[in-house]
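A structural walkthrough
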Amino acid sequence: MASVEGGHQMVSLEFFKCKDKYYQKLGEAWDHEVKDFVVLYRPMYHCSAKSGSFEAHLSATRSFKGWEQRFEPCTWADLPAEARAYVLHNPTCSFDPEWTLPSATIHVGPNLTASGCGTRSHETCPSAAPISAPTSTQAPIQTPPTALAALEEPQANVDTMFRMPSVGEIINRFDAMSPTASHRTEGQPSIQAPTLTPSPTMPPLEFFCADYCPFAQRVWIALKATGLPFVHTEVNLWCGALPTTKRFREVSPSKTVPTILEPNAEKGRDESVPLLFYVDASTGGSLSPADPAARYAMHILLAGPIPALVSAFYGFLGGWQRLSPTEVGRRAALNEALDTLERQLQQSGGPWLLGQGGMSIADIALFPFLERIYLGVLTWYRGYKLSQARHPRLYVWTAHCLHHEPVAATVWQVRS
Ligand SMILES: N[C@@H](CCC(=O)N[C@@H](CS)C(=O)NCC(=O)O)C(=O)O
């Protein structure tokens, strides 16, 4: 997994196999001649010249298309000893926090990048093209309904099937979600106006968090989204000698994060999903849809598909036999859990799990796990990548969440 050290981002080591030979992906680079991003990689063997094909080389570049067609991801465990001898440890790239996706690019489709060139971008939402007037050589920017309709009809061509929402679209979607929006469609789940506005004079509760914990991140997002005043206490769970850890252990019934401690209370509350409801109810219920059908759908997601994804995530990561006795089976279980959520987004029409009504408890409960998949935790340990082709709506949903302020306030760039 990526981590930040000394102003540089340590890029995860990624390995691939092609025709019984092994390769290490070093990064992704803009090619000024080709006018697109290319993959930078190195053979993990002594690579001599081949007549009519290539010179002897230590590293090479290849188009994403050629790369994805020929190279299969694999893990460190798959590498034979000869290949391991060629691994380049700790390749680094300079870290620019302005880029949402600093080390890897994403596929955004032709004519939808910021420059109008190429097919990929380092930004979750390509910044320039959707805002600047299209030139005669650029395809016109799709209006949001057309862009969303394109996602409704899966096509064989991944280029047209998947694309990230542009900044303009996201802003339009936020406008559409605003309680004052006049064009809200009847029957769509709407978000209740908060009946209790937290005031800065309310005594803050104490939120015990650990930066790596996805369950704690859920509650953190809810606190940010509702504006409930809180004091953030970062806990080192394993160092009992620290005063914060001691205090945390005294107040947390199961000694797990997240834990919320009300002012003057002796014991805290420490189960993340009930805590999401607790925070929501304390602030007027803006994270639960008022519409009974949407509320029912939210509870169904929280009872089945979201815990299933959490189990599949940890089961695949940890090689749990109870998820499936084989790696292939565990990978399939993860993909199936993601398929269920992809279908939910297809049914609701997005941008949120329950549709246009706004971020709900279901989105919050799911996001920390998708963020970790998106960041490459499973790529690092298991050679797994979220497939833009198989889960295009989940990809867009993750990007949409990343651009929502209460979520953005908790992401890894903030936590690191
Ligand atoms: N079911 C709990 C899980 C919380 C949890 O497992 N937190 C982990 C950190 S990610 C923890 O505190 N572990 C400490 C321990 O088990 O001793 C929830 O959803 O709140």
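Going by the structure above, here's the rest.
These notes cover the structure that comes with them.

Parameters at a glance
- Residues numbered from 1 in each chain as written.
- Predicted model: local features only at pLDDT ≥ 70, side-chain atom pairs only at ≥ 80, totals over all residues.
- Heavy atoms only, no water.
- Pairing = 2+ DSSP bridges.
- Helix = DSSP H or I, 4+ residues; strand = E, 2+ residues; numbered from the N terminus.
- Axes fitted to C-alpha atoms, helices over the stretch in contact; angles between N-to-C directions.
- Phe/Tyr/Trp six-rings, centres within 6.5 Å; stacked < 30°, edge-to-face > 60°.
- Buried < 20%, exposed > 50% of the residue type's maximum accessible area, 1.4 Å probe, protein only.
- Lys NZ or Arg CZ within 6 Å of the ring centre and 35° of its normal.
- Parallel < 35°, antiparallel > 145°, perpendicular 65-115°, else oblique.
- Contact = heavy atoms within 4.5 Å.
- Nonpolar A, V, L, I, M, F, W, Y, C, P; charged D, E, K, R; others polar.
- Expected span 1.5 Å × (residues − 1).
- Near = heavy atom within 4 Å.
- Polar contact = N/O pair within 3.5 Å; in protein donor to acceptor, adjacent residues only side chain to side chain.

Side note on the sheet that holds strand E13 (residues 259-261)
As summarised here, the arrangement of the three strands in space is E12-E11-E13, forming an open sheet in which the pairing is mixed. A strand with exactly one partner marks an edge of an open sheet, and here the two such strands are strand E12 (230-234) and E13. Strand-to-strand twist of the sheet, defined as the mean angle between neighbouring strand axes without regard to direction, takes the value 25°. Strand direction decides the pairing type here: strand E11 (residues 205-209) and E13, joined by three bridges, are antiparallel. Looking at the pairing, Phe 208 lines up with Thr 259 of E13.

Looking at the sheet that holds strand E6 (residues 60-63)
The five strands are arranged E6-E5-E4-E3-E7 in an open sheet whose pairing can be described as antiparallel. Two strands bound the open sheet, and with one partner strand each, they are E6 and strand E7 (72-74). Between one strand axis and the next, the sheet turns by 45° as a mean value, whatever way the strands run. Pairing geometry for strand E5 (residues 36-43) and E6, over four bridges, is antiparallel. Note that in E6 the partner of Leu 40 across the bridge is Thr 61.

Observations concerning unusual backbone geometry
Of the consecutive residues Val 257 and Pro 258, the connecting peptide bond is found in the cis state with omega at 0°. One can find Pro 258 in the loop between helix H7 (243-251) and E13. Between Gly 350 and the following residue, Pro 351, the backbone shows a cis peptide bond with an omega angle of 0°. Even without being a glycine, Asp 20 presents a positive backbone phi close to 65°. The topology assignment puts Asp 20 in the loop between strand E3 (14-18) and strand E4 (21-31). Residues other than glycine seldom take positive phi values, yet Asn 264 does so here, at roughly 70°.

A few points about the packing of aromatic side chains
When we look at a pair of aromatic rings, we describe it by the centre distance and by the angle of the planes. In total, this model carries 20 aromatic pairs according to the counting rule given. Each ring, one from Phe 16 and one from Trp 67, has its centre 4.7 Å from the other, and the planes form 65°; the classification is edge-to-face. Here the residue Phe 16 occupies a position in strand E3, and Trp 67 occupies one in helix H1 (residues 64-70), the gap between them amounting to 51 residues. Residue class for Phe 16 comes out buried when judged on its relative accessible area of 7%. Given the relative accessible area of 3%, Trp 67 is considered buried. A ring pair is formed by Phe 367 and Trp 397, whose centres lie 6.4 Å apart and whose planes are at 55°; its orientation type is tilted. Taken together, the residues Phe 367 in helix H12 (residues 361-375) and Trp 397 in helix H14 (residues 392-402) connect sequence positions 30 residues apart. Neither residue differs from the other here; Phe 367 and Trp 397 are each classed as buried. Following the ring pairs from residue to residue traces out a cluster consisting of Phe 16, Tyr 23, Tyr 41, Tyr 45, Trp 67 and Phe 71. Just above the ring of Tyr 45 sits the side chain of Lys 21; from NZ or CZ to the centre is 5.2 Å.

Observations concerning the packing of helix H9 (residues 292-303) against helix H10 (residues 305-318)
Look at H9 against H10: their axes get within 3 Å of each other, and the N-to-C directions meet at 25°. Viewed along their axes, H9 and H10 adopt a mutual orientation that is roughly parallel. In contact with Ile 300, Leu 301, Leu 302 and Ala 303 of H9, H10 contributes Pro 305, Ile 306 and Pro 307. Each residue belonging to the contact of H9 with H10 can be placed in one class, and the counts come to seven nonpolar, no polar and no charged.

With respect to helix H6 (residues 214-226)
Along its 13 residues, H6 runs 19 Å from first to last C-alpha, staying within 8% of the 18 Å computed at 1.5 Å per residue. The buried count for H6 comes to ten of 13 residues, which makes it a mostly enclosed element. What H6 keeps buried is the set Pro 214, Ala 216, Gln 217, Arg 218, Val 219, Trp 220, Ile 221, Ala 222, Leu 223 and Thr 226. Just past H6, the residue Gly 227 takes up positive phi, approximately 80°.

Section: the site of the ligand
Near the ligand, the surroundings consist of Cys 213, Phe 215, Leu 237, Lys 255, Thr 256, Val 257, Pro 258, Asp 270, Glu 271 and Ser 272. Interatomic distance of 2.6 Å between a side-chain N/O atom of Glu 271 and a nitrogen atom of the ligand. Tallied by class, residues from the shell around the ligand come to five nonpolar, two polar and three charged.

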